[in-house]
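# Fold and geometry: a report
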Amino acid sequence: GAAAPEERRRRVAPLVAAAPSAEAGEEPLLRGIFEISKRSCDVVLSARRLRWSPILPESPTGDSNTVSQAQEEIIEMKDVFSVKLKRRRFVGQKKGGTLLGITIFKCLNKEENKLTDCAIHLNNLSEDHCHSWFKHLKEILNGFQNRPKSLKVFVNPSSHKREATHVYYEKVAPLFKLADIKTDVTVTEYEGHALSVLKECELQAFDGVVCVGGDGSISEVAHGLLLKAQIDAGKDTDYIPKPVRAPVPLGVIPAGTTNILAHTLYGIKHAVTATLHIIMGHIQPVDVCTFSTPSKLLRFGFSAMFGFGARTLALAEKHRWMPSSQRKDFAFIKTLADLKPEECELSFLPLQTLQEDSYEHDIKKKEKIKKKGNKDQWHKIHGHFLNVSIMAIPCLCSMAPRGLAPNTRLNNGSMALIVVQNTSRTEFIKHLKRYTSVKNQFSFPFVETYMVQEVKVQPRLKSVLNDKESAHLNTASPEGNYPWNIDGDLTEAASEVHVRLHPQLVNLYGVNTDDLESSQATCNCI
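Just so you know, these numbers come straight off a predicted model, no measurement behind them.

Right, let's get into the overall build of the protein. Each helix and strand in the protein was counted, giving 14 helices and 21 strands. When each of the 526 residues of the protein is scored for burial, the buried share is 51%. When contacts within the protein are restricted to residue pairs at least 6 apart in sequence, those whose partners lie at least 24 apart make up 70%. Surface summary for the protein: the accessible area is close to 25,300 Å², and the carbon and sulfur share equals 50%.

Before going further, it helps to examine the pattern of salt bridges. With the rule as written, the count across this model stands at 15 salt bridges. Here Asp-232 and Lys-228 are joined by a salt bridge, their closest N and O atoms 3.1 Å apart. Placement of both Asp-232 and Lys-228 in helix 6 (residues 215-232) is noted, with a separation of four residues, approximately one turn of the helix. With a shortest N-O distance of 2.6 Å, Arg-299 and Asp-489 are connected by a salt bridge. Note that Arg-299 is positioned in strand 13 (residues 297-301) and Asp-489 in strand 20 (residues 489-493), a separation of 190 residues in sequence. Asp-489 matches Arg-299 in its accessibility class, with the two residues each being buried. Three or more residues joined by partner-sharing salt bridges are found here, namely Lys-84, Lys-138 and Asp-180.

If you look at the biggest cluster of nonpolar residues, it comprises 85 residues, and the most contacted ones within it are Phe-81, Phe-176, Val-209, Val-212, Ile-253 and Phe-302. For this core, the element with the highest residue contribution is helix 4 (residues 164-178), accounting for eight residues. When near neighbours in sequence (up to four residues on either side) are disregarded, Val-212 contacts Val-153, Phe-154, Val-155, Asn-156, Ala-164, Val-167, Tyr-168, Ile-253 and Ala-255.

Below, the discussion takes up the pairing of strand 14 (residues 303-307). By the criterion of burial, strand 14 is predominantly enclosed, with four of the five residues buried. Across five bridges, strand 14 lies against strand 16 (residues 379-391) in antiparallel orientation. Residue pairing across strands places Met-305 opposite Ser-389, the latter belonging to strand 16. As judged from the three bridges shared by strand 14 and strand 19 (residues 482-486), these two strands associate in the antiparallel manner. In the sheet register, Ala-304 faces strand 19, and the bridge partner there is Ile-486.

We now examine the environment of His-384. Mapped onto the fold, His-384 is located in strand 16. The spatial distance from the C-alpha of His-384 to the C-alpha of Thr-423 is 9.4 Å, given a sequence separation of 39 residues. Setting aside residues no more than four positions away along its own chain, His-384 makes contact with Pro-341, Glu-342, Glu-343, Gln-421 and Asn-422.

One pass over the structure, following the stated rule, counts 11 aromatic pairs. With a centroid separation of 5.0 Å and an interplanar angle of 80 degrees, the aromatic rings of Phe-34 and Trp-133 are classed as edge-to-face. With Phe-34 in strand 1 (residues 30-36) and Trp-133 in helix 3 (residues 127-142), this pair connects stretches of sequence that are 99 residues apart. No difference in accessibility class separates Phe-34 from Trp-133, as the two residues are buried. Aromatic pair Phe-306 and Tyr-482: ring centres 6.0 Å apart, planes at 40 degrees, arrangement tilted.

The buried fraction of helix 9 (residues 308-317) is high, at nine of 10 residues. Every buried residue belonging to helix 9 is among Phe-308, Gly-309, Ala-310, Arg-311, Thr-312, Leu-313, Ala-314, Leu-315 and Ala-316, and all of these are buried.

This brings us to helix 8 (residues 271-280). For helix 8, a buried count of 10 out of 10 residues is recorded, marking the element as mostly surrounded by other parts of the structure. In the stretch just after helix 8, Gly-281 is the one whose phi turns positive, near 70 degrees.

Another aspect to go through is the packing of helix 5 (residues 193-200) against helix 6. It is the contact of helix 5 with helix 6, at a shortest axis distance of 9 Å, that shows an interaxial angle of 25 degrees. One element, helix 5, and the other, helix 6, form an angle in the roughly parallel class. As helix 5 packs across helix 6, the resulting crossing turns out to be right-handed. The residues of helix 6 that touch helix 5, namely those facing His-193, Ala-194, Leu-195, Leu-198, Lys-199 and Glu-200, are Glu-220, Val-221, His-223, Gly-224, Leu-225, Leu-227, Lys-228 and Ile-231. Taken together, the residues of the contact of helix 5 with helix 6 sort by class into seven nonpolar, three polar and four charged.

Not every positive phi belongs to a glycine, and Ser-37 is a case in point at roughly 50 degrees. Phi at Asp-180 is positive, roughly 60 degrees, even though this residue is not glycine. Within the fold, Asp-180 resides in the loop between helix 4 and strand 9 (182-187). Classification of Asp-180 as partly exposed rests on a relative accessible area of 38%.

Structurally, Leu-151 can be placed in strand 8 (residues 150-155). As a C-alpha pair, Leu-151 and Val-248 span 97 residues in sequence and 9.8 Å in three-dimensional space. Here Leu-151 is in contact with Phe-176, Ile-181, Lys-182, Thr-183, Asp-184, Phe-206, Gly-208, Val-209, Val-210, Ile-278 and Tyr-509, once residues within four sequence places are set aside.

On to the packing of helix 4 against helix 8, then. Where helix 4 contacts helix 8, the axes come no closer than 10 Å and their chain directions differ by 30 degrees. Here helix 4 lies roughly parallel to helix 8, going by the angle between them. Handedness of the helix 4/helix 8 crossing: right-handed. In contact with Val-167, Lys-171, Val-172, Leu-175 and Phe-176 of helix 4, helix 8 contributes Ala-271, Val-272, Thr-275, Ile-278 and Ile-279.

Burial analysis of strand 10 (residues 208-213) places six of its six residues in the buried class, which makes it a mostly covered element. Along strand 10, one buried face is formed by Gly-208, Val-210 and Val-212 and the opposite face, lined by Val-209, Cys-211 and Gly-213, is buried too. Of the strand pairs in this sheet, strand 8 and strand 10 are connected by five bridges, and their pairing is parallel. Looking at strand 10, one finds that Val-153 is bridged to Val-210. Across five bridges, strand 10 lies against strand 11 (residues 250-254) in parallel orientation. For Val-210, the partnering residue across the bridge sits in strand 11 and is Gly-251. Note that the unit made of strand 10, helix 6 and strand 11 has a crossover that is right-handed.

Conventions we followed
- Residues numbered from 1 in each chain as written.
- Predicted model: local features only at pLDDT ≥ 70, side-chain atom pairs only at ≥ 80, totals over all residues.
- Heavy atoms only, no water.
- Helix = DSSP H or I, 4+ residues; strand = E, 2+ residues; numbered from the N terminus.
- Buried < 20%, exposed > 50% of the residue type's maximum accessible area, 1.4 Å probe, protein only.
- Contact = heavy atoms within 4.5 Å.
- Areas by Shrake-Rupley, 256 points an atom, 1.4 Å probe, with all protein chains shown as cover.
- Salt bridge = Lys/Arg side-chain N within 4 Å of Asp/Glu carboxyl O.
- Core = buried A, V, L, I, M, F, W, Y, C linked by side-chain atoms within 4.5 Å.
- Pairing = 2+ DSSP bridges.
- Phe/Tyr/Trp six-rings, centres within 6.5 Å; stacked < 30°, edge-to-face > 60°.
- Axes fitted to C-alpha atoms, helices over the stretch in contact; angles between N-to-C directions.
- Parallel < 35°, antiparallel > 145°, perpendicular 65-115°, else oblique.
- Left-handed = near helix turned anticlockwise from the far one by under 90°.
- Nonpolar A, V, L, I, M, F, W, Y, C, P; charged D, E, K, R; others polar.
- Right-handed = clockwise from strand over helix to strand, strands pointing away.

Interpretation in functional terms is not warranted from these geometric data alone.
Next up, the structure:
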């Protein structure tokens, strides 16, 4: 740039403000010379891209082919998450130092859904030159509206192998600092700590909430975030038929055993990938369920199991003194050895009664519902069930590569209801083993699947339970509190549980919304 700084600023301002827009122009904002990878380069910055090519000496013969060999390299500004002035400092020196140039930090896509960061050094010893470029680069980055500048972070130090604290301070925090994101960190000290902090938290002070932990801790934070939203909206938190959306997105940093939500969002358990999705402001709207008894709200959540999946968790929770993987294996084997069905009544509202692709069909269906009444649309099944799964998301994990509910997606307004009827232990094990393969885990005569909008689960309470049954049900009284596994967190209910789906109730930091369709297709075919 030969233009005067003031004139250039006037020309640049509207372009910089438009940085995130797809229509932003390619008009150069700055042009200058930097040394990149030990070669002098002609560097051009526009609102959308940073381009450079080596400056080659002119051929003595005037052969223009030499110039065409100069390989131009391009960085999309939407992939850049930080820019810093690069200085040489003495040991112990914290400020000042000799200016060497600018370092640009970029988010790089690697294989298998993995993201990583890389640095590009633009070397130039001129203070004025570097400061001008630094300022314009920062203005472009500040134009990306979804990117958080302040985060409330919860770290569960007791998660799988107690690795969450290490994961956060060694892998996550340095990247947040590099991206100039301010953080307020709570290291949780007991179960329910995050929930109690969130209830008192001024959410408007933050751009997002982040949880570093396993499925249980993430479930607690998601529930707390949504509960706080209802409190702030003046809702009755015992009965919430139409909850309000969470005001800020939730970030998930995997540091647990199965990490279902992280696998479903990112396709991988990788803390750096999760962190970069948060830094880049990749937002994914996600459907959420409410789980309620007739008298109160139990939980906000993404998925739940009643029966075998819940009994296994209840037994594992009684053996917290054992190492995580050991107690889960023990609980799984013991529950399988004592396999028994739950007698209950399932009522559900099939999805097709409320959702049609075509507008004309929708009008006809609404007329039909008006004539028949909503009550007639409910279906009922009564029987003995080994397991009942209700899932609003596909629930991918390393042990279930297709997902526990591959027929649903992150935000398609449906829940999968998967019912496993009573069968022999051998057949049930065959069904469970199918989850680990790419074969269809539902192609058994005793497994039924439905796409639903609402579900009610009414256990048939036994009047008398013997000691073994009482222990197995994790009950404290003869009436019996039946265990529920909601997102890997143990919840208990003695009566009917009503599950409602609420479309796109929360934004999660995850796959870029530009890639939403392809990511969801991946969820269903992995």
